[in-house]
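A structural walkthrough
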Amino acid sequence: MTDFRALRLHKTDTSAPDIAIERLTTDDLSTGNVVIANEFSSLNYKDALAVTGKGKIIRDFPMIPGIDAAGTVLESSDPNFREGEHVILTGHGVGETHTGGMSEQVRVPGSYLVKTPKALDSRQAMQFGTGGLTGMLCVLALLDSGLKPADGPIAVSGAGGGVGGIATTVLSTLGYEVHAITGRESEHARLKALGAAEILNRTDFARDPKPLESTRFAGAIDTVGGQVLATLIPQIMYSGVIAATGNAGGFQFSTTVFPFILRNIRLQGVDSVHAPSETRDRAWQLLSENVTTDQLEASTCTIGLEQVVDTAGKLINNEVSGRILIDVYA
Ligand code: NDP
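Computed from a predicted structure; not experimentally measured.

About the criteria used
- Residues numbered from 1 in each chain as written.
- Predicted model: local features only at pLDDT ≥ 70, side-chain atom pairs only at ≥ 80, totals over all residues.
- Heavy atoms only, no water.
- Helix = DSSP H or I, 4+ residues; strand = E, 2+ residues; numbered from the N terminus.
- Rg over C-alpha atoms; globule rule 2.2 N^0.38 Å.
- Buried < 20%, exposed > 50% of the residue type's maximum accessible area, 1.4 Å probe, protein only.
- Contact = heavy atoms within 4.5 Å.
- Areas by Shrake-Rupley, 256 points an atom, 1.4 Å probe, with all protein chains shown as cover.
- Lys, Arg positive; Asp, Glu negative; His and termini not counted.
- Charge placed at Lys NZ, Arg CZ, Asp CG, Glu CD.
- Pairing = 2+ DSSP bridges.
- Axes fitted to C-alpha atoms, helices over the stretch in contact; angles between N-to-C directions.
- Near = heavy atom within 4 Å.
- Polar contact = N/O pair within 3.5 Å; in protein donor to acceptor, adjacent residues only side chain to side chain.
- Nonpolar A, V, L, I, M, F, W, Y, C, P; charged D, E, K, R; others polar.
- Domains from an automatic or database assignment.
- Phe/Tyr/Trp six-rings, centres within 6.5 Å; stacked < 30°, edge-to-face > 60°.
- Lys NZ or Arg CZ within 6 Å of the ring centre and 35° of its normal.
- Left-handed = near helix turned anticlockwise from the far one by under 90°.
- Expected span 1.5 Å × (residues − 1).
- Salt bridge = Lys/Arg side-chain N within 4 Å of Asp/Glu carboxyl O.

Side note on the overall build of the chain
Scanning the chain from terminus to terminus reveals nine helices and 15 strands. A compact globule built from 330 residues would reach a C-alpha radius of gyration of about 20 Å, and the chain, at 20 Å, matches this within 12%. Dimensions along the principal axes, computed over C-alpha positions, put the chain at roughly 65 × 45 × 35 Å. Taking all 330 residues of the chain together, 55% fall into the buried category. Restricting the contact set of the chain to residue pairs at least 6 apart, pairs at least 24 apart contribute 69%. Working note: accessible area of the chain is about 13,800 Å², and carbon and sulfur atoms make up 50% of it. Charged side chains in the chain number 27 positive and 37 negative. The centres of these two groups are separated by 5 Å.

Topic: the side chain of threonine 130
Of note, threonine 130 is situated in helix H2 (residues 122–144). Here threonine 130 is in contact with Ser42, Asn44, Ile67, Asp68, Thr90, Ser272 and Arg323, once residues within four sequence places are set aside.

Here we look at the sheet that holds strand S11 (residues 217–222)
Taken in spatial order, the six strands of this open sheet run S10-S9-S8-S11-S12-S13, and their pairing is parallel. Edge strands, defined here as strands with exactly one partner in the open sheet, are strand S10 (198–201) and strand S13 (266–269). When strand polarity is set aside, the average angle formed by the axes of neighbouring strands in this sheet is 20°. Here strand S12 (residues 236–244) pairs with S13 via four bridges, running parallel. The residue of S13 that forms the bridge with isoleucine 242 is leucine 267. Of the strands in this sheet, strand S8 (154–157), strand S9 (178–182) and S11 are in contact with helix H3 (residues 162–173), which crosses S8 at around 160°.

Looking at the site of the ligand
Neighbouring residues of the ligand: 25 residues in total, closest Thr182, Gly183, Arg184, Arg202 and Ser272. At a separation of 2.8 Å, an oxygen atom of the ligand approaches a polar backbone atom of valine 163. Surface burial for the ligand is 85%, taken as the share of its 910 Å² of free accessible area covered by protein chains. Elements with a minimum of two residues in the shell around the ligand: H2 and H3. Across the shell around the ligand, the residue classes tally to seven nonpolar, 15 polar and three charged. Both of domain 1 (4–120 + 295–327) and domain 2 (130–272) provide at least three residues apiece to the shell around the ligand.

Remarks on the environment of glycine 165
Residue placement: glycine 165 occurs in helix H3. For the pair glycine 165 and leucine 194, spaced 29 residues apart in the sequence, the C-alpha separation amounts to 7.4 Å. Discounting residues that sit within four places of it in the chain, glycine 165 has contacts with Ala159 and Leu194.

Some remarks on the packing of aromatic side chains
Applying the stated criterion to the full structure yields one aromatic pair. An angle of 75° between the planes, with centres 6.5 Å apart, marks the rings of phenylalanine 128 and tryptophan 284 as edge-to-face. Taken as a pair, phenylalanine 128 in helix H2 and tryptophan 284 in helix H7 (residues 277–290) lie far apart in primary sequence, 156 residues in all. Over the ring of phenylalanine 81 we find lysine 115; its NZ or CZ atom is 4.7 Å from the centre of that ring.

Brief notes about the packing of helix H1 (residues 45–52) against helix H9 (residues 308–316)
Packing of H1 against H9 brings their axes to within 8 Å, and their N-to-C directions diverge by 115°. H1 and H9 meet at a crossing whose hand is left-handed. Contacts between H1 and H9 involve Tyr45, Ala48, Leu49, Val51 and Thr52 on the former and, on the latter, Val308, Val309, Ala312, Gly313, Leu315 and Ile316.

Overview of H7
Over its 14 residues, H7 runs 20 Å from end to end, which matches the ideal 20 Å to within 8%, given 1.5 Å per residue. By the burial criterion, the buried members of H7 are Arg280, Ala283, Trp284, Leu287, Ser288 and Asn290. Packed against the buried residues of H7 are strand S5 (86–90), strand S7 (113–115), H2, H3 and helix H8 (293–297).

Points about the domain arrangement of the chain
Considered domain by domain, the chain is made up of domain 1 (4–120 + 295–327) and domain 2 (130–272). Between the C-alpha centres of domain 1 and domain 2 there is a distance of 28 Å. Listed as interface residues are 15 residues of domain 1 and, on the opposing side, 15 residues of domain 2. Applying the counting criterion to the domain 1 and domain 2 interface returns zero salt bridges.

Laid out in structure tokens, this is it:
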């Protein structure tokens, strides 16, 4: 049995995570009917919480972290996936309860996979990664609710992050006027380049909102939760929609029922982990059709397995922006 390299996190009694690059065999992987020769993974907020030990993401040890991966099928007994086919893996507890993408080989049930759209290679797929998929699922929530570009501006919070940056890019490509909310002045030029029409300061949303305020957004994609989400809700126009997907700014927030009753506001949660495979297929297809990875190149930083822990610490401290690609062979 040939061995391969993977980053593995061991249970530890200290707050410092016990993590190392090791040589493993498929016996060390969780079960599944498809083995993937992995090429790229990406570093997401959840991965950063896991590998720094800052969040209780992983409960089964030892664990290979990495909530996504893209590569080619090496072995398969799943009739939907043939050897040599390009595939993308996201969600389903991969990198949490099922060994994940920070590894040269990954084994999963075929139901976790989608075929990589023809326009993308594995590197491009992971430039989008879970962050891109989630950003696109949020955009789909707005599109499917009937919001049109002419209805008014769309606010995107945490725009400097992976999900927010992709949401900004896709919405602006589709003709929506994006008002990007960020806490970092250093992100302004990049967000303009991604298509944001206006840049708003996160501090303007870090306050106690009134139950109803002057309306200025037809909808919103919120990746930070907390006070920012609470302050966005009373500023949404009649019948507007908010797709909420993250809590980088806190998981609790307080609001009143007024915007929901008097303005018919809809708050929709978006979670990529259990999105059905038809929805994931649709989102990947739309991503590949509407965003060129050239648009993302300037927002992409590529690291190897050796740099994961250090970069994860920076991500938690909000010291990196955009998407972080992991080249598992670098
Ligand atoms: P990133 O770390 O790339 O981006 C998060 C952004 O949030 C930061 O760039 C920053 O934006 C903003 N932010 C960070 N800290 C705070 C804070 N204390 N208060 C307010 N804003 C803050 O993460 P991702 O884009 O990968 O993920 C964003 C969120 O979405 C996370 O909570 C993540 O867990 C969640 N998520 C959910 C998924 C799902 O399926 N439900 C899938 C993927 C992500 P800026 O500097 O511009 O202000």
